[in-house]
Amino acid sequence: LTHGIADDIVSTLLLAHPGPVIAAPAMNDNMWAHPSTQQNLGTLRARGVHLIEPGEGWLACGVESKGRLAEPEDIVAEVERVLDLAGPERGFWRDRRVLVTAGPTREPVDAIRYLSNRSTGVMGTALAAELVRLGARVTLITGPGTATAPDGLAQHVDVTTAAEMAAAVDRALDAGQDWLVMAAAVADFAPREVREGKVKKETQGGGWTLELSRTPDILTDVVAPRRGDLRVVGFALETGAVLERAAAKREAKGMDWIVANDPTATGGAFGDAPHTVHLIGPDGPAWSSPEPATKARLAAALLREIARAEMTAGGEGPA
Ligand code: C5P
């Protein structure tokens, strides 16, 4: 590219292309560090080529060093930035303090057993990752067994039970937040008493009746009493009359926005199978995913749609 040699399809296209060029080089670490490579990169930079530096990590040649292809999200972000694809709402989340909860909670029955649900935390961690990418200051609270937390968080808190999640949300609100995104599937019921040790089947006869009590409803009991200017995005999982029930829940729980999942629709709602969501705001249904999509794509779209609506509702420009 530096020397204008056009002897294959890629270098030919590059020489014929008059528009912007974004390059994400990847190579052996010694090749990358070589003065010849560095000089050529300097020439390309001077010509206006947008370079996305390789990352550090395990290389195909068997060493850990600089030379890995940049992460796909970083390449996408640079493409959006250079081509100005993202529109003005991209700046909406920059520097905002956003608290995100993700994953299930786990309510102990005895020292060995627990009650939980099928949440994987993929949606919450995808939202946190996208918010980091958009420049927000993100605190992520995750339940057990949750999808990997993204890099670049302001804070990450791991919890197990609904009560612990409620306490962690309370503490994070103390620190000051602008937005709360409640993507966690908080258990609604927990065993009334946690039995000591492991309950032996020999002592239980033919069965065992567990008594359950309600866990704290985080939005109602922890968030509502101290709401202030905090903006709240909640989630709903309904198996019938999805839009109506989610809209009612938005009102009842005092959320600004609610994202409705329908586990009976294509792909279900758990894990990373592509699926469909509906976003409902103060003016009713605002957006639905046009086709089943991965949670990373849904996270980006939901944050873009919320930003767009908040900015047109007036008052709220980029922070
Ligand atoms: O009432 P339901 O559990 O369907 O409401 C879902 C929303 O409420 C989600 O945003 C969830 O994170 C939140 N929630 C909560 N505390 C609970 C249960 C759910 O804040 N105990």
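Below is a short write-up of the structure. (Residues numbered from 1 in each chain as written. Predicted model: local features only at pLDDT ≥ 70, side-chain atom pairs only at ≥ 80, totals over all residues. Heavy atoms only, no water.)

Overview of the overall build of the chain
- Within the chain, the regular secondary structure consists of 9 helices and 16 strands.
- Looking at the 319 residues of the chain, the share that counts as buried comes to 41%.
- Considering only residue pairs separated by 6 or more positions, the chain has 61% of its internal contacts joining residues 24 or more positions apart.
- Counting every atom, the chain has about 16,900 Å² of accessible surface; 53% of that belongs to carbon and sulfur.
- Averaging the positions of the 32 positive and the 42 negative side-chain charges in the chain gives two centres separated by 3 Å. (Helix = DSSP H or I, 4+ residues; strand = E, 2+ residues; numbered from the N terminus. Buried < 20%, exposed > 50% of the residue type's maximum accessible area, 1.4 Å probe, protein only. Contact = heavy atoms within 4.5 Å. Areas by Shrake-Rupley, 256 points an atom, 1.4 Å probe, with all protein chains shown as cover. Lys, Arg positive; Asp, Glu negative; His and termini not counted. Charge placed at Lys NZ, Arg CZ, Asp CG, Glu CD.)

Considerations on the sheet that holds strand 8 (residues 137-142)
- The strand order 9-8-5-10-13-14-15-16 describes an open sheet built from 8 strands, whose pairing is mixed. Because the sheet does not close on itself, it has two edges, and the strands there are strand 9 (155-158) and strand 16 (284-288). If you compare each strand with its neighbour and ignore which way they point, the axes differ by 15° on average.
- In the sheet, strand 8 pairs with strand 9 via 4 bridges, with the strands oriented parallel. From the neighbouring strand, I141 faces strand 9, where its bridge partner is V157. (Pairing = 2+ DSSP bridges. Axes fitted to C-alpha atoms, helices over the stretch in contact; angles between N-to-C directions.)

Considering the side chain of T215
- Here T215 lies in the loop between strand 12 (212-214) and helix 7 (218-223).
- Among all residues touching T215, those that are not within four sequence positions of it are E107, A162, A187, D188, F189 and A190.

Some remarks on the packing of helix 5 (residues 122-133) against helix 9 (residues 295-312)
- As a packed pair, helix 5 and helix 9 sit with axes 8 Å apart at the nearest point and diverge in direction by 55°. Taken together, the axes of helix 5 and helix 9 are oblique relative to one another. Handedness of the crossing formed by helix 5 with helix 9: right-handed. Contacts between helix 5 and helix 9 pair V122, M123, A126, L127, E130 and L131 from the former with K295, A296, L298, A299, A300, L302 and L303 from the latter.
- Across the contact of helix 5 with helix 9, the residue classes tally to 11 nonpolar, no polar and 2 charged. (Parallel < 35°, antiparallel > 145°, perpendicular 65-115°, else oblique. Left-handed = near helix turned anticlockwise from the far one by under 90°. Nonpolar A, V, L, I, M, F, W, Y, C, P; charged D, E, K, R; others polar.)

Thoughts on the layout of surface pockets
- Computed from the structure, the largest pocket encloses a volume of approximately 1,000 Å³.
- In terms of lining residues, the largest pocket is bounded by 38 residues, among which E73, E130, R133, A296 and A300 are the most central.
- When residues of the lining of the largest pocket are traced back to their parent elements, those giving at least two are helix 4 (72-83), helix 5 and helix 9.
- Per-element accounting of the lining of the largest pocket gives the leading share, 9 residues, to helix 9.
- In the lining of the largest pocket, the residues fall into 21 nonpolar, 3 polar and 14 charged.
- Of the voids in this model, the second largest pocket is the one considered here, and its volume is about 800 Å³.
- Looking at the lining of the second largest pocket, the elements that each hand over two or more residues are helix 5, strand 12, helix 7 and strand 13 (231-237).
- Across the lining of the second largest pocket, the residue classes break down as 21 nonpolar, 11 polar and 8 charged. (1 Å grid on protein atoms, 1.4 Å probe; cavity = no way out; pocket = protein on both sides within 12 Å on 5 of 7 lines; lining within 4 Å. Points joined across faces, edges and corners; volume = space filled by probe spheres on them.)

Bear in mind that shape data such as this cannot, by itself, settle questions of function.
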